Amino acid sequence: MKTNFTIRLLGLFVCSLLLGTSLYAQTTVFYESCGNAGLKTGTRDTPDSYSDWDNAGSVTYSGTVDVRATNNINTHVWFAAERDRYFTISGIHTAGYNDLRLSFELAANASGGNANNMSIKVRDMASGAESNLTVPSVSIGSQNSYVSVENIAGISATSNLEITFSFTETTNTVGYRLDDILITSGALEGSNNNLAGLSVSNGVLNPAFSAQTTIYSVELPEGTTEIPQVMYTLEDPEATVVVTNATEIPGSTLIKVTAVNGSEKVYTINFILQTPAGAWLETFEGNADNKGSYQSAEFEGVAAIWNVYGVITSTDDNDKKNGSRSVRLRDPNASNAEPHYVEMITDKPNGAGVISLYHGMYGTHTGGAWKIEVSNDGGYT
């Protein structure tokens, strides 16, 4: 009897995002509080007509926003709801600094606001290089909320940095107040959540330990039931660690490292058993090149040739792996409802008794479902 089998993925993955706060080194490169001009009725100032900027004279301000204050809220930049609005600051001097980060305060005049409705673009006016910053998902209410975005990526230190904050008519449904714009330089304080070393009492980590590698496998002799102990050291001795040991073999031990500022990193050790003698094993490790697109193609593994659709092979840390590589099946969507699959082309001459495999969700995705189809007649049925 010849047997081959297919794994098909059904359903939809859902992605979630975890946010935290950060502490910054006290190296201020630029700070703008919008001054304190007080309440003004009638026609409000535009950025270029307003004269009470903290940095007036050294940088320039422009845009289609209003600069205003209210009875109980000091001066701020106002993005009117359901309007295309932008605010640009030009001539910020960042030469001689590195690890630049941007933060600001944001509030909304109604419920339902989110920081990621805002677009932020930075440009080096000297070279013309520009970059769109990723704004995190932070719920924004009537009180000012602190928002911090990633490093100012792709922009070298310059004497003429330009930053543009903008909303479109469709993304700004509530109206937003922008205030206290801050650029800092230097590494985050207390943000080190790296392990300096990691080992186990039985077995060897694969791959070898690196602080930036978070997923490992350890192969144990067949029949092992005792859970190996985990030994570790920290790069920052003030960080804290919680170890959640595997409950069985195969199983996984998790090492969660929490930095002083609350940021977390989880290292995973997957304990597996050696393949029994005579077993047929496909690891997808044999081909030196990853399959980098989801298009239908043949892929040569170590035990068989596979026809794959909606699948890539990857060493990405977000892919769950038993070893250094796995195959990733993409979820079907409304425009492509056909299930994606990994289909074995090579027949297994003596059939299959027990079929087992390792599986997991990409990154922090949840949900999703898959099934195995087995054929004993070369795939006809």
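Here is what the cut-offs are and how they apply
- Residues numbered from 1 in each chain as written.
- Predicted model: local features only at pLDDT ≥ 70, side-chain atom pairs only at ≥ 80, totals over all residues.
- Heavy atoms only, no water.
- Helix = DSSP H or I, 4+ residues; strand = E, 2+ residues; numbered from the N terminus.
- Contact = heavy atoms within 4.5 Å.
- Salt bridge = Lys/Arg side-chain N within 4 Å of Asp/Glu carboxyl O.
- Buried < 20%, exposed > 50% of the residue type's maximum accessible area, 1.4 Å probe, protein only.
- Patch = residues over 30% accessible without salt bridge, like charges linked within 9 Å, V, L, I, M, F, W, Y side chains within 5 Å.
- Areas by Shrake-Rupley, 256 points an atom, 1.4 Å probe, with all protein chains shown as cover.
- Phe/Tyr/Trp six-rings, centres within 6.5 Å; stacked < 30°, edge-to-face > 60°.
- Pairing = 2+ DSSP bridges.
- Axes fitted to C-alpha atoms, helices over the stretch in contact; angles between N-to-C directions.

### A few points about the side chain of Ser33
Line of reasoning, step 1. The topology assignment puts Ser33 in the loop between strand 3 (28-32) and strand 4 (60-63).
Line of reasoning, step 2. With near-sequence residues (within four places) excluded, Ser33 lies in contact with Asp54, Thr75, Asp179 and Asp180.

### What to know about unusual backbone geometry
For residues that are not glycine, phi is negative in most cases, and the peptide bond is trans in most cases.
Line of reasoning, step 1. For the peptide bond that leads from Asn206 to Pro207, omega is 0 degrees, which places it in the cis range.
Line of reasoning, step 2. Cis geometry is adopted by the peptide bond preceding Pro250, which originates at Ile249 and carries an omega value of 0 degrees.
Line of reasoning, step 3. Note on placement: Pro250 falls in the loop between strand 20 (240-244) and strand 21 (251-258).
Line of reasoning, step 4. Positive phi values are uncommon outside glycine, yet Cys34 reaches one of about 70 degrees.
Line of reasoning, step 5. Located in the positive-phi region is Asp180, a residue other than glycine, with phi close to 50 degrees.
Line of reasoning, step 6. Looking at where Asp180 falls in the secondary structure, it is placed in strand 15 (residues 176-184).

### Quick notes on the pattern of salt bridges
Side chains bearing opposite charge may pair, as long as their charged atoms lie close to each other.
Line of reasoning, step 1. This model, assessed by the stated rule, comprises 5 salt bridges.
Line of reasoning, step 2. A salt bridge links Arg68 to Asp66; the shortest N-O distance between them is 3.1 Å.
Line of reasoning, step 3. In this structure, the salt-bridge partner of Lys256 is Glu264, at a minimum N-O distance of 3.9 Å.
Line of reasoning, step 4. Of the residues examined, Lys256 reaches a relative accessible area of 32% and is grouped as partly exposed.
Line of reasoning, step 5. Exposure remark for Glu264: the relative accessible area of 48% places this residue in the partly exposed category.
Line of reasoning, step 6. Connected through shared salt-bridge partners, Lys121, Arg123 and Glu130 make up one network.

### A few points about the environment of Arg101
Line of reasoning, step 1. If you trace the backbone, Arg101 turns up in strand 8 (residues 101-108).
Line of reasoning, step 2. Given the relative accessible area of 12%, Arg101 is considered buried.

### Topic: a nonpolar patch on the surface
Line of reasoning, step 1. Residues Ile355, Leu357, Trp370, Ile372 and Val374 make up a contiguous nonpolar surface patch of roughly 370 Å² in combined accessible area.
Line of reasoning, step 2. As for its position among the elements, Leu357 is in the loop between strand 27 (340-344) and strand 28 (366-375).
Line of reasoning, step 3. Looking at Leu357, the relative accessible area reads 34%, which means it is partly exposed.

### Some words on the packing of aromatic side chains
Line of reasoning, step 1. Evaluation of the coordinates by the stated rule reveals 10 aromatic pairs.
Line of reasoning, step 2. On the basis of an interplanar angle of 70 degrees and a centroid distance of 5.1 Å, the ring pair of Phe79 and Phe167 is categorised as edge-to-face. Taken together, the residues Phe79 in strand 6 (residues 76-79) and Phe167 in strand 14 (residues 161-167) connect sequence positions 88 residues apart. Residues Phe79 and Phe167 agree in their burial class; the two are buried.

### Concerning the pairing of strand 8
Line of reasoning, step 1. Within strand 8, 7 of the 8 residues are buried, which leaves it mostly tucked inside the rest of the structure.
Line of reasoning, step 2. Direction of pairing for strand 8 relative to strand 15: antiparallel, over a ladder of 7 bridges. Following the sheet pairing, Arg101 is matched in strand 15 by Thr184.

### Here's the deal with the sheet that holds strand 22 (residues 264-273)
Line of reasoning, step 1. Strand order in the open sheet formed by 4 strands is 18-22-21-20, with mixed pairing between adjacent strands. Only two strands of the sheet have a single partner each, and these edge strands are strand 18 (215-220) and strand 20. Between one strand axis and the next, the sheet turns by 20 degrees as a mean value, whatever way the strands run.
Line of reasoning, step 2. Pairing geometry for strand 21 and strand 22, over 8 bridges, is antiparallel. Each residue of the ladder has a partner; that of Ser252, found in strand 22, is Asn270.

### Considering the sheet that holds strand 4
Line of reasoning, step 1. Strand order in the open sheet formed by 5 strands is 4-7-14-10-11, with antiparallel pairing between adjacent strands. Edge positions in the sheet fall to strand 4 and strand 11 (130-133), since each has one partner strand and no second. Looking at each pair of strands side by side, their axes are set apart by 15 degrees on average, direction ignored.
Line of reasoning, step 2. Pairing of strand 4 with strand 7 (residues 85-92) involves 4 bridges; the strand directions are antiparallel. Considered in strand 7, the bridge of Gly63 is made with Phe87.

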